[in-house]
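# Residue-level structure breakdown
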2 protein chains.
Amino acid sequence: MNLKQLSQHLGISQTTISRALNGYPEVNAETRRKIIDAAQKTGYRPNVAAQRLATGKMGSIGLVMPTGPDYQSDVHFGEFLSGLGEASARNGFHLVIMPTDPANEENALKELAVSGSVDGIYLAYMKKNDPRIEMMKGLSIPFMVHGRSWGVEADYPFLDVDNETAFHDATSLLLQLGHHNIALLNGPEGYDFTFRRHRGVEAALGESGYTLRQDNVSHSIMNDEAGFLKMEQLLSRADRPTAIICASTALALGAVRSLNHRGLKPGRDISLIAHDDVLPLLKPVNFSVPLTTTRSSLRAAGLRIAERLIKQIKSGQPDNQQELWKAELVVRGSTGPARV
Amino acid sequence: MNLKQLSQHLGISQTTISRALNGYPEVNAETRRKIIDAAQKTGYRPNVAAQRLATGKMGSIGLVMPTGPDYQSDVHFGEFLSGLGEASARNGFHLVIMPTDPANEENALKELAVSGSVDGIYLAYMKKNDPRIEMMKGLSIPFMVHGRSWGVEADYPFLDVDNETAFHDATSLLLQLGHHNIALLNGPEGYDFTFRRHRGVEAALGESGYTLRQDNVSHSIMNDEAGFLKMEQLLSRADRPTAIICASTALALGAVRSLNHRGLKPGRDISLIAHDDVLPLLKPVNFSVPLTTTRSSLRAAGLRIAERLIKQIKSGQPDNQQELWKAELVVRGSTGPARV
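Each value, and the rule that gives it
Residues numbered from 1 in each chain as written. Chains lettered and ligands numbered in written order. Predicted model: local features only at pLDDT ≥ 70, side-chain atom pairs only at ≥ 80, totals over all residues. Heavy atoms only, no water. Helix = DSSP H or I, 4+ residues; strand = E, 2+ residues; numbered from the N terminus. Buried < 20%, exposed > 50% of the residue type's maximum accessible area, 1.4 Å probe, protein only. Contact = heavy atoms within 4.5 Å. Areas by Shrake-Rupley, 256 points an atom, 1.4 Å probe, with all protein chains shown as cover. Lys, Arg positive; Asp, Glu negative; His and termini not counted. Charge placed at Lys NZ, Arg CZ, Asp CG, Glu CD. 1 Å grid on protein atoms, 1.4 Å probe; cavity = no way out; pocket = protein on both sides within 12 Å on 5 of 7 lines; lining within 4 Å. Points joined across faces, edges and corners; volume = space filled by probe spheres on them. Nonpolar A, V, L, I, M, F, W, Y, C, P; charged D, E, K, R; others polar. Domains from an automatic or database assignment. Buried area = accessible area lost by both parts, 1.4 Å probe. Polar contact = N/O pair within 3.5 Å; in protein donor to acceptor, adjacent residues only side chain to side chain. Pairing = 2+ DSSP bridges. Axes fitted to C-alpha atoms, helices over the stretch in contact; angles between N-to-C directions. Salt bridge = Lys/Arg side-chain N within 4 Å of Asp/Glu carboxyl O. Core = buried A, V, L, I, M, F, W, Y, C linked by side-chain atoms within 4.5 Å. Parallel < 35°, antiparallel > 145°, perpendicular 65-115°, else oblique. Left-handed = near helix turned anticlockwise from the far one by under 90°.

- The name given to chain A in an unreviewed UniProt entry is Transcriptional regulator, and the organism recorded there is Agrobacterium bohemicum.

## A few points about the overall build of chain A
- Scanning chain A for helices and strands turns up twelve helices and twelve strands.
- C-alpha extents for chain A along the principal axes are approximately 85 × 40 × 35 Å.
- Here chain A holds 340 residues, and 60% of them are scored as buried.
- Long-range pairs, those at least 24 residues apart, make up 70% of the contacts in chain A between residues at least 6 apart in sequence.
- In the form shown here, chain A has an accessible surface area of approximately 13100 Å², with 51% of it arising from carbon and sulfur atoms.
- Positive and negative side-chain charges in chain A, numbering 37 and 36 respectively, have mean positions lying 5 Å apart.

## What to know about empty space enclosed by the protein
- Applying the stated criterion across every chain, the model contains four cavities of 30 Å³ or more.
- One number sums up the size of the largest cavity: a volume of about 90 Å³.
- For the largest cavity, the full set of lining residues is L63, V64, F77, F80, E105, L109, Y122, L123, A124, Y125 and R132 of chain A.
- Among the secondary structure elements, those contributing two or more residues to the lining of the largest cavity are β1 (60-66), α5 (75-90), α6 (105-114) and β3 (120-123) of chain A.
- Its residues placed into classes, the lining of the largest cavity shows nine nonpolar, no polar and two charged.
- Contributing to the lining of the second largest cavity are L63, V64, E105, L109, Y122, L123, A124, Y125 and R132 of chain B.
- Every element with two or more residues in the lining of the second largest cavity is listed here: β1 (60-66), α6 (105-114) and β3 (120-123) of chain B.
- Class assignment for the residues of the lining of the second largest cavity results in seven nonpolar, no polar and two charged.

## A short note on the domain arrangement of chain A
All names here are of chain A.
- Partitioning chain A into domains gives domain 1 (3-51), domain 2 (60-161 + 298-325) and domain 3 (163-296).
- One C-alpha centre belongs to domain 2, the other to domain 3; they are set 28 Å apart.
- Taken together, the contacts link 15 residues of domain 2 with 16 residues of domain 3.
- Area buried by domain 2 at its contact with domain 3 is led by H76, W150 and V161, which between them contribute 38% of it.
- Across the contact surface, domain 2 and domain 3 share eight residue pairs in polar contact (both at pLDDT 80 or more).
- Contributions of two or more residues to the side of domain 2 that touches domain 3 are made by α5 and β5 (158-161).
- With three residues, α5 is the largest single contributor of residues to the side of domain 2 that touches domain 3.

## Quick notes on unusual backbone geometry
All names here are of chain B.
- Of note, N129 is a non-glycine position whose phi angle comes to about 50°, a positive value.
- Turning to its location among the elements, N129 is positioned in the loop between β3 and α7 (131-137).
- Despite not being glycine, V278 shows a phi value in the positive range, around 60°.
- Summarising the element assignment, V278 is placed in the loop between β9 (271-276) and β10 (292-295).

## Overview of the sheet that holds strand β4 (residues 143-146) of chain B
- Taken together, the twelve strands give an open sheet; going across it, the order is β11(A)-β5(A)-β4(A)-β3(A)-β1(A)-β2(A)-β2(B)-β1(B)-β3(B)-β4(B)-β5(B)-β11(B), and neighbouring strands pair in mixed fashion. The open sheet is flanked by β11 (322-325) of chain A together with β11 (322-325) of chain B, the only strands paired with a single partner. For this sheet the average axis-to-axis angle between neighbouring strands, irrespective of direction, equals 20°.
- Judged from the two bridges that link them, strand β4 (residues 143-146) of chain A and β5 of chain A form a sheet pairing that is parallel. In the sheet register, H146 of chain A faces β5 of chain A, and the bridge partner there is L159 of chain A.
- Across the sheet, α5 of chain A touches β1, β2 (94-100), β3 and β4 of chain A together with β1 and β2 (94-100) of chain B, and the angle it forms with β1 of chain A is around 170°.

## Here we look at the interface of chain A and chain B
- At the junction of the two partners, chain A supplies 68 residues and chain B supplies 67 residues.
- Here chain A meets chain B over a buried area of about 5500 Å², counting both sides, of which 55% is carbon and sulfur.
- There are four salt bridges connecting chain A and chain B.
- K110 of chain B is paired through a salt bridge with D37 of chain A; the nearest N and O atoms lie 2.9 Å apart.
- Between chain A and chain B we count 15 residue pairs in polar contact (both at pLDDT 80 or more) in total.
- Among the elements that make up the side of chain A that touches chain B, the one with the highest residue count is α5 of chain A (ten residues).

## Re the layout of surface pockets
- One number sums up the size of the second largest pocket: a volume of about 780 Å³.
- Around the second largest pocket, the lining is made up of 26 residues, and of these L253, N260 and S288 of chain A together with L253 and N260 of chain B lie nearest the centre.
- Among the elements of the structure, α11 (249-261) of chain A together with α11 (249-261) of chain B are those that each provide at least two residues to the lining of the second largest pocket.

## Brief notes about the nonpolar core
- Counting residues in each nonpolar core, the largest one holds 66 residues, and the members touching the most others are I121 and M136 of chain A together with I121 and M136 of chain B.
- Excluding residues within four positions of it along the chain, M136 of chain A makes contact with L109, A113, I121, L123, I141 and F143 of chain A.
- Counting 53 residues, the second-largest nonpolar core is a separate cluster that includes L235 and L253 of chain A together with L235 and L259 of chain B.

## Some details on the pattern of salt bridges
All names here are of chain A.
- Taken as a whole and judged by the stated rule, the model has 50 salt bridges over all chains.
- Here E323 makes a salt bridge to R304, at a shortest N to O gap of 3.0 Å. Residue E323 is found in strand β11, and its partner R304 is found in helix α12 (residues 298-315); the two are separated by 19 residues along the sequence.
- Linked through salt bridges whose partners overlap, the residues forming this network are E86, R90, R299 and E307.

## Section: the environment of G92 of chain B
Residues and elements named next belong to chain B.
- As for its placement among the helices and strands, G92 is situated in the loop between α5 (75-90) and β2.
- On the accessibility criterion, G92 (43% relative accessible area) is partly exposed.
- For the pair G92 and G59, spaced 33 residues apart in sequence, the C-alpha separation works out to 6.9 Å.

## Concerning the packing of helix α10 (residues 224-235) of chain A against α11 of chain A
Residue and element names in this part refer to chain A.
- Interaxial distance between α10 and α11 falls to 6 Å at its minimum, and their mutual angle equals 45°. Taken together, α10 and α11 sit at an angle that is classed as oblique. Two packed elements cross with a definite hand, and for α10 against α11 that hand is right-handed. Across the interface between the two elements, D224, E225, A226, G227, F228, M231, E232 and L235 from α10 touch A250, L251, L253, G254, A255, R257, S258, L259 and H261 from α11.
- When its residues are assigned to classes, the contact of α10 with α11 shows nine nonpolar, four polar and four charged.

Here it is, written out as structure tokens:
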């Protein structure tokens, strides 16, 4: 059955049917339900081009998902995805995900952007001097950047957490508690957020006349096992740090495991601060000693980005806002005075 | 610039351009790259209908994602998504995700299936007597079910873990160790997997002349906080169980936290078994006392389902296989003899 036949069968115009099936709010709920039921019963599948003709839009946001046999699923990805999903559901949008080998991310993005199947692009996992921003500017499709790219002029639409200030604040707190041999369990090298967090720690130490020792800095994926391994390496040193800052509560999970194995208590024997993306599975208050954190919700960021992007798509107006969220420093039991 | 103009500009046929932009392997890598670069530079966005005309396919798998302000992001969802993504990337497919309020899942699925933007549907979060299977059978689009639906004749294509046998095996192990006051921290009520796991525990106890006490069974979402809360309730009872089976390592995380608070050691004071979906963040060996588990990888299941679905889509041949995976019982330190 084609659109014309379905239209005759129902006595409803082809345009209304297209709008209803594409989730546009102009069609009232009852008519919409009637159309969807009929489409189901008759096995009708609309021509996507006809829908676009009627609405001018696909109602979709595209994004690239890094994947591969050696690539662990990333709990942070699931979290911002849930925010994107919530805002999309509210606006009748869907998500188009292009899974790809991380080494091929730029090409995957290009293909997605020119595929014609998405109305806007969500960009994440930003690197320093990221060429994808220039590429997106050259395409005629709205986009929003989650994060920023050091080295690229900030004239594109983004939402970022102020990572530098967050990690500066965390370091300042530790300095006030008498720590200066401070270590940083950072995320993977090359990413913008990793770089800015490093700068924040370095700057705060520098302002107090200290330096961030190179052997106090590690880069790794942000999971439990990496946190354990990096912490074990640090604690094996004679001149081991008295305080540790972790780039994620997922790293902190492993770091605390290492402390437990050695009978060391966070806040008493060693101070610990983690960045809290507000992952539901790893709440800082549920650690054996509640974690001091810099907090900023990844899900809230995903939600806000989707809303800005959908607004761009629906209005046709460009969005050129550079939005910076301040992370909140939340002091709990895992930080304490340096032992002399 | 339209397809015709781009074709003239490059001296490449419209069909080849459409095929290249849709990721079909007939086009050689160099031509493909040239076309994508030109599409990017000229801001060309193809007509999706033209692509479908050339290829007959969208190259996409659709699925529904439960979401909402009161709905926590689910670590299990991210895990099977990574498997779907890996198989899709390998086959040049993308994923179309329809986010929706959990109460509206059936309608969302119907809309996605009739939207014309997907070639096949991945179905998950199966309930008992799930009406979605009958609905999918009435549509002319390939689908694959992750899980099964109790009460629906098993003549549709699915992949499921043998949940009943897995939990029967776990219970039998506990019975051999002398436990019979056994509790089950189960997933949410109404789901097929929850129901079958309950049956497995019940059957094994019954075969040994015991019964599963109703106050030893709880239903909840499968996360850390629910695990903690349910375990606290069980441990507060005078006749508390001597062994616990958890439906997820995420529940076990909270359950162990409750034991730690009370100074109880898994395997010595109380026995603990969890179902292990092989979530990278919650490895059973990394628990303070390594967890005895029934193991079956969610990611591997996602991967296998995507491969079967893509094969259906590409071949046009129906898939009517009922595939059942046996979970592996892995005995570690968290189980021990019942104390008399």
